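Letter by letter, the chains look like this.
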Amino acid sequence: MRSAQAGAGAASGVDPEFLALERELAVFLRRARAQSGEMAREVHPELEPAAYGLFVRLDEVGPQRATELSGYFGVGKATMSRQLRALEVLGLVVRDPDPADGRASLVRLTEEGRDRFRHVRDARRERYVRKLVDWDRAEVAELARLLHHFNVRSEG
C-alpha cells in the first residue's frame, strides 16, 4: 500500500506524507462534524451541529460580540445572528449591553446553557479517555501539541 501511495503522490507532484495527512484529516473532520451534531443535540434536541462550537467558545473565553464570534468561526454576520437567535429562544444564551460600547451587546451562556454544555462536554471527554485508554500520556500530549500547532498555523 505504501508503494501505491508513493506512486500516487509522485504522479500528482504531492509528497505522499501530505496525501496521507489530507486523507486522515478528511476522515477526522467528517467524524468531528458528526460528533458535533450529536453533542449539540445532547445539549438540546433542537440545536444545529454548529451550536456546539459556539458553546465551547463562549465557555472558554466568556462573553463575546456576535461579530467576534462570526470572525472566529469564519461565518457571515447573518449566519451567526441566526444561530444566536435560535440559542436565545431556547434560553441557552443571552445578550447583555457591552460596557465598552452601549450600542453593542455581548453574548454569554445562561446558567442553564453552561450547565447543559458542561454536562455534554464532560461526557465527550470521557469518550476520548475511553478511546485513548491504551495510549501513553506522552502520546496524548504530543497529539494535543501537534493539533494546537496546526490550529495556530491555520488561523493566519
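Keep in mind the model is a prediction, meaning the values are calculated, not measured.

## Digging into the overall build of the protein
(1) Moving on: Looking only at helices and strands, the protein features seven helices and two strands.
(2) Moving on: Going from N to C terminus, the protein has its helices and strands arranged as α-α-α-α-α-β-β-α-α.
(3) Moving on: What you see for the protein is a C-alpha radius of gyration of 19 Å, clearly larger than the 15 Å of a compact globule of 156 residues, by over 25%.
(4) Moving on: Structurally, the protein occupies a C-alpha span of about 60 × 35 × 30 Å along its principal axes.
(5) Moving on: Pairs at least 24 residues apart make up 46% of the contacts formed inside the protein by residues separated by at least 6 positions.

## A look at the nonpolar core
(1) Moving on: Of all hydrophobic cores here, the largest spans 19 residues; its most connected members are Val43, Leu47, Tyr52, Phe55, Leu69, Leu84 and Leu87.
(2) Moving on: Of all the secondary structure elements, the ones that give two or more residues to this core are helix 2 (16–43), helix 3 (50–61), helix 5 (77–89), strand 2 (101–109) and helix 6 (111–131).
(3) Moving on: Per element, the largest residue contribution to this core is five residues, and it comes from helix 3.
(4) Moving on: Not counting the four nearest positions on each side in its chain, Val43 is found in contact with Tyr52, Phe55, Leu92, Arg116, Phe117 and Val120.

## Quick word on the pattern of salt bridges
(1) Moving on: Scanning the entire structure with this criterion turns up 15 salt bridges.
(2) Moving on: Measuring nitrogen to oxygen at the nearest pair gives 2.8 Å for the salt bridge that ties Asp59 to Arg118. Pair noted here: Asp59 is in helix 3 and Arg118 is in helix 6, with a separation of 59 residues, a long-range link.
(3) Moving on: Exposure remark for Arg118: the relative accessible area of 34% places this residue in the partly exposed category.
(4) Moving on: The salt bridge partner of Asp101 is Arg103, with a shortest N-O separation of 3.0 Å.
(5) Moving on: Owing to a relative accessible area of 18%, Asp101 belongs among the buried residues under this scheme.

## Regarding a positive patch on the surface
(1) Moving on: On the surface, a cluster of positive charge is contributed by Arg30, Arg31, Arg33, Arg130 and Lys131.
(2) Moving on: Of all the secondary structure elements, the ones that give two or more residues to the positive patch are helix 2 and helix 6.
(3) Moving on: The dominant element in the positive patch, judged by the number of residues it contributes, is helix 2, at three residues.
(4) Moving on: Topologically, Lys131 is positioned in helix 6.
(5) Moving on: Among the residues examined, Lys131 registers a relative accessible area of 53% and is labelled exposed.

## Examining the environment of Gly71
(1) Moving on: Looking at where Gly71 falls in the secondary structure, it is placed in helix 4 (residues 66–73).
(2) Moving on: Its relative accessible area of 57% is what places Gly71 among the exposed residues.
(3) Moving on: For Gly71 and Val133, which are 62 residues apart along the polypeptide, the C-alpha to C-alpha distance reads 36 Å.

## Digging into the pairing of strand 1 (residues 93–98)
(1) Moving on: As judged from the six bridges shared by strand 1 and strand 2, these two strands associate in the antiparallel manner. Bridge pairing in strand 2 links Asp98 to Asp101.
(2) Moving on: Here strand 1 folds back onto strand 2, and the loop between the two strands holds two residues.

## Let's talk about empty space enclosed by the protein
Rolling a probe over the atoms, with the probe sized like a water molecule, indicates the empty space that remains.
(1) Moving on: By the definition in use, this model includes one cavity of 30 Å³ or more.
(2) Moving on: Together, Gln35, Met39, Arg124, Arg127, Tyr128 and Lys131 line the largest cavity.
(3) Moving on: Elements with a contribution of two residues or more to the lining of the largest cavity: helix 2 and helix 6.
(4) Moving on: Per-element accounting of the lining of the largest cavity gives the leading share, four residues, to helix 6.
(5) Moving on: Along the lines of polarity and charge, the residues of the lining of the largest cavity split into two nonpolar, one polar and three charged.

What counts, and where the lines are drawn
- Residues numbered from 1 in each chain as written.
- Predicted model: local features only at pLDDT ≥ 70, side-chain atom pairs only at ≥ 80, totals over all residues.
- Heavy atoms only, no water.
- Helix = DSSP H or I, 4+ residues; strand = E, 2+ residues; numbered from the N terminus.
- Rg over C-alpha atoms; globule rule 2.2 N^0.38 Å.
- Contact = heavy atoms within 4.5 Å.
- Core = buried A, V, L, I, M, F, W, Y, C linked by side-chain atoms within 4.5 Å.
- Buried < 20%, exposed > 50% of the residue type's maximum accessible area, 1.4 Å probe, protein only.
- Salt bridge = Lys/Arg side-chain N within 4 Å of Asp/Glu carboxyl O.
- Patch = residues over 30% accessible without salt bridge, like charges linked within 9 Å, V, L, I, M, F, W, Y side chains within 5 Å.
- Areas by Shrake-Rupley, 256 points an atom, 1.4 Å probe, with all protein chains shown as cover.
- Lys, Arg positive; Asp, Glu negative; His and termini not counted.
- Charge placed at Lys NZ, Arg CZ, Asp CG, Glu CD.
- Pairing = 2+ DSSP bridges.
- 1 Å grid on protein atoms, 1.4 Å probe; cavity = no way out; pocket = protein on both sides within 12 Å on 5 of 7 lines; lining within 4 Å.
- Points joined across faces, edges and corners; volume = space filled by probe spheres on them.
- Nonpolar A, V, L, I, M, F, W, Y, C, P; charged D, E, K, R; others polar.

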